[in-house]
Amino acid sequence: MNKNAAATEAVHIRNVLRYLKRFKNATIVIYIDDRILDSSLYTDHIRDISMLHEAGLKTIIVPGARKRIDEVLTRAQISWNIVNGCRITGPEAMPLIKMAAFDTSNRIMTSLAGEKKTAVIGNWVRARGKGIIDGFDYGTSGAIDRIQTDALRAIMDEGFIPIFPSIGWSLTGKPYNISSVQLASEIAVALHAHKLFFMLQDAYASESEFTIPPSYTRSKDGRLAAMNIEETKEFLTLNGSGVEKGGTPKDHILKLLELGLYACTNGVERVHIIDGSQDGSLPGEIFSDFGFGTMIYKNNYGGIRNMTAEDIPDVLALMRPFTERGILLRRTEDSLAGCYQDYIVYELDGGIRACAALHLYSDMQAEIAGVAVDENCSHMGIGPKLITYLFDRARQSGAKSIFVLTTQTADWFEQQGFAEADIHTLPEKRLALWSPQRRSRLLRKKIQ
């Protein structure tokens, strides 16, 4: 393994360790679309779930059963239709619906047993019939009244994995068919879960299907990677509401985003829509900054803050690749300790992914220096955000212009509005440090 590959691998390992520490004893709810049960990756996903459970994450599984219910009702020649996301049938269909829902749950329980994990299928959902709404009878379709959280917590504390079939029972023991995705979101809210996952085949939010504002966080392949609550509201306004009617993949993604927004608004820290057709999508989503899907988060995902002395080792590690390529001057722990108050960092899920400094001079000039952005985050627009942030700080400090010295990134700074200037216009203190051998170019931007 070469030096660069080893360094990259070390960064990945540190990320995993950081997330393991963060989510130790966290509660996660995983919805699995039943189409995944027939995919070639199903056993890999089960193995991943087992390893997450072994790592200390308290895990709940909610299997979808739509495909299996369709098969059973079709074989029995029982007709149905979907209205407002609800399956509408007569009472004669309910025993078959219940059987199909438990079939998918039993299949997952058996697969977990193969991984030496003990799962429990239970009737922890109190439900009632949806009844007649606007003159329409919803028949066997139910609405969730209550999740028996005390029983659930006791089961998880014993090390078991609860599995929820898409069936709820009334107080008199009457079964109702309920939406699995709705059930997963309600469980997550009731337990104040750290994470709610919706795993579907080919779940992918990209610009080819959706209108995505340019400021939103994207992955390198153009996937919508993360949104906060306000951004999710804006996204849904731009793209419309989702109707779970067995329609287009876009409809399903919108419906899941609505449920994710509901969950995050009501106490769930993060909701993830992940692509079950990608191997490792579940641990990849948990243990990396960008993952394999689209995340809705309540808070504390990423942002700019002032650097602290404790950040010095991480900032030096961030700068190292740029120092080795001659883009940045070498800093030491001692040199950063003397000026870390001038720096800001961009923190992403507890990891420092970018930094930059603002140095102020007595002649109303300001300097931006030490700009470094993790190359894995270069597509996120973090660099321009840092420059804008420091530009505003320089303005508030009374500076009249702001400058940078660079050898290899002049084009990038010109894109941020800087223009080349005479090196002799530097403040005297800074000019004395300028190296003719390095021949750094001076670029300047006026502050209005």
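Criteria and cut-off values
Residues numbered from 1 in each chain as written. Predicted model: local features only at pLDDT ≥ 70, side-chain atom pairs only at ≥ 80, totals over all residues. Heavy atoms only, no water. Helix = DSSP H or I, 4+ residues; strand = E, 2+ residues; numbered from the N terminus. Buried < 20%, exposed > 50% of the residue type's maximum accessible area, 1.4 Å probe, protein only. Areas by Shrake-Rupley, 256 points an atom, 1.4 Å probe, with all protein chains shown as cover. Lys, Arg positive; Asp, Glu negative; His and termini not counted. Charge placed at Lys NZ, Arg CZ, Asp CG, Glu CD. Pairing = 2+ DSSP bridges. Core = buried A, V, L, I, M, F, W, Y, C linked by side-chain atoms within 4.5 Å. Contact = heavy atoms within 4.5 Å. Arc of directions from axis to C-beta. Expected span 1.5 Å × (residues − 1).

J.: What am I meant to see in the overall build of the protein chain here?
T.: Check the secondary structure of the protein chain and you find 14 helices and 24 strands. Along the first, second and third principal axes, the C-alpha atoms of the protein chain reach 90 × 45 × 35 Å. For the protein chain, the residues scored as buried account for 50% of the 448 residues in total. Accessible area of the protein chain: about 20800 Å², with a carbon and sulfur share of 50%. Of the charged side chains in the protein chain, 52 are positive and 53 negative, and the gap between their average positions amounts to 2 Å.

J.: I tried to follow the pairing of strand S22 (residues 401-406) on my own but got confused; where do I start?
T.: Each regular strand displays side chains that alternate between the two surfaces of the sheet. Burial analysis of S22 places six of its six residues in the buried class, the great majority of the element. Side-chain alternation along S22 places Ser401, Phe403 and Leu405 on one buried face and Ile402, Val404 and Thr406 on a second face that is also buried. Bridge count between strand S21 (residues 365-373) and S22: three bridges; the pairing is parallel. Note that in S22 the partner of Glu367 across the bridge is Phe403.

J.: Honestly, the nonpolar core in this entry has me stumped. Any pointers?
T.: Within soluble globular proteins, side chains that are nonpolar tend to cluster in buried spots. The biggest cluster of nonpolar side chains holds 46 residues, and the ones touching the most others in it are Val29, Phe164, Ile187, Leu196, Phe198 and Phe235. When residues of this core are assigned to their parent elements, the largest contribution, eight residues, is made by helix H8 (residues 249-265). Beyond its immediate stretch of four places on either side in the chain, Phe235 contacts Phe210, Thr211, Ile212, Tyr216, Leu224, Met227, Leu254 and Leu257.

J.: Is there a simple way to explain helix H3 (residues 66-75) in this structure?
T.: Residues separated by three or four positions in an α-helix point in the same direction, a consequence of the helix having 3.6 residues per turn. Considered for burial, the residues of H3 that qualify are Ile69, Val72 and Leu73. The buried residues of H3 all sit within an arc of 95 degrees when viewed along its axis, so they share a single face. Buried positions along H3 lie against strand S4 (86-88), helix H4 (94-114) and strand S12 (175-177). Positive phi appears at Gln77, one or two residues downstream of H3, with a value of about 60 degrees.

J.: What is the right way to read the environment of Glu186 from this model?
T.: Mapped onto the fold, Glu186 is located in helix H6 (residues 180-191). Sequence separation between Glu186 and Asp221 is 35 residues, and the spatial gap between their C-alpha atoms is 32 Å. Not counting residues up to four positions away in its chain, the partners in contact with Glu186 are Ile144, Ile147 and Tyr262.

J.: It is not clear to me how helix H12 (residues 382-396) should be interpreted in this structure. Could you clarify?
T.: When the terminal C-alpha atoms of H12 are compared, their 21 Å separation across 15 residues agrees well with the 21 Å that a helix rising 1.5 Å per residue should span. Those residues of H12 that fall on the buried side of the exposure criterion are Ile382, Gly383, Leu386, Ile387, Leu390, Phe391 and Ala394.

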